[in-house]
Amino acid sequence: MNPMLDGAQRILIVGSSGSGKSTLARRLGDVLGLPVVYLDRHHWRPGWMEPPKEEWESIVDELIAAPRWIMDGNYSGTMERRIAASEAVLFLDLPRRVCIWRVLKRWALHWNERRPDMAEGCRERWDGKFLLWVWNYPNRSRPRVRQLIEERPESVRALILRSQTEIDILLKSQQENPSPKSMRQTVGGKQ
């Protein structure tokens, strides 16, 4: 299988923390020449403080109004509007053990530093609640994400990637042909 994005200019990447959203966004942005929006950079304030809900929604509305982007991030409260604004949604549905391992590795690599995809003043730190959130993602968040993707507008294509191999195949297909003609694997029978 050779999944393709069909020249999409607004691509949303969702999935559990540790699934590789930020890495895929950066790599696809390089290949497709699209600006990358890391939602964590826009959401978090120094010291891991969250903005008020209304302010966050306004920020998201401004970000999705841009004509071209690859957007990385979950934030379930705004996911429906981000899906509707997208031309393609990539759902990284990787196994729990992979995501947990990657989060632990990320903590080790960036301990007490700010990751490149994170907001200023938000240094990596041990967070047991966050690790529990990642552990519970398949049962708590995944069903709702799947539902939102299945209920997406007809114009929005969706692709589920279940392994690093599938992610690598997608990237390779885009490197070989950045303006592909079709997207073959979809969710809920829509194309």
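About the thresholds
- Residues numbered from 1 in each chain as written.
- Predicted model: local features only at pLDDT ≥ 70, side-chain atom pairs only at ≥ 80, totals over all residues.
- Heavy atoms only, no water.
- Buried < 20%, exposed > 50% of the residue type's maximum accessible area, 1.4 Å probe, protein only.
- Helix = DSSP H or I, 4+ residues; strand = E, 2+ residues; numbered from the N terminus.
- Pairing = 2+ DSSP bridges.
- Axes fitted to C-alpha atoms, helices over the stretch in contact; angles between N-to-C directions.
- Contact = heavy atoms within 4.5 Å.
- pLDDT = per-residue confidence, 0-100.
- Patch = residues over 30% accessible without salt bridge, like charges linked within 9 Å, V, L, I, M, F, W, Y side chains within 5 Å.
- Areas by Shrake-Rupley, 256 points an atom, 1.4 Å probe, with all protein chains shown as cover.
- Salt bridge = Lys/Arg side-chain N within 4 Å of Asp/Glu carboxyl O.

Caption draft 1: Structural view of the pairing of strand 1 (residues 10-15). Judged by how many residues are buried, strand 1 sits mostly within the fold: five of six residues are covered. Both strand 1 and strand 3 (residues 69-72) contribute to a ladder of four bridges, which runs parallel. The residue bridging Ile 11 from the neighbouring strand is Ile 70, located in strand 3. Relative to strand 4 (residues 88-92), strand 1 is paired through five bridges, and the arrangement is parallel. In the sheet register, Ile 11 faces strand 4, and the bridge partner there is Ala 88.

Caption draft 2: Representation of the sheet that holds strand 1 in the model. The parallel open sheet is built from five strands, whose spatial order is 2-3-1-4-5. On the outer flanks of this sheet lie strand 2 (36-38) and strand 5 (157-161), each paired with one strand and no other. Put simply, the sheet's adjacent strands are angled 20° from each other on average, direction ignored. Contacting strand 1, strand 2 and strand 3, helix 3 (residues 53-64) crosses the sheet at an angle of about 150° to strand 3. Where helix 4 (residues 76-85) meets the sheet, it contacts strand 1, strand 3 and strand 4, and its direction lies at approximately 145° from that of strand 1.

Caption draft 3: Looking closely at the environment of Gln 175. Within the secondary structure layout, Gln 175 lies in helix 8 (residues 164-176). For Gln 175, a relative accessible area of 49% corresponds to the partly exposed category. Taking the C-alpha atoms as reference points, Gln 175 and Leu 32, 143 residues apart in sequence, are found 8.2 Å from one another.

Caption draft 4: Region of the structure containing the confidence of the model for the chain. Across the chain, the average pLDDT comes to 89, with 91% of residues at or above 70. Scored below 50 in pLDDT, residues 180-191 shows 39 contacts in the model against residues more than four places distant or in partner chains.

Caption draft 5: Up close: a nonpolar patch on the surface. Taken together, the side chains of Trp 101, Leu 104, Trp 111 and Trp 126 define a hydrophobic patch exposed on the protein surface, amounting to about 510 Å² of accessible area. In this fold, Trp 111 is placed in the loop between helix 5 (96-110) and helix 6 (128-140). The partly exposed category is assigned to Trp 111, whose relative accessible area is 47%.

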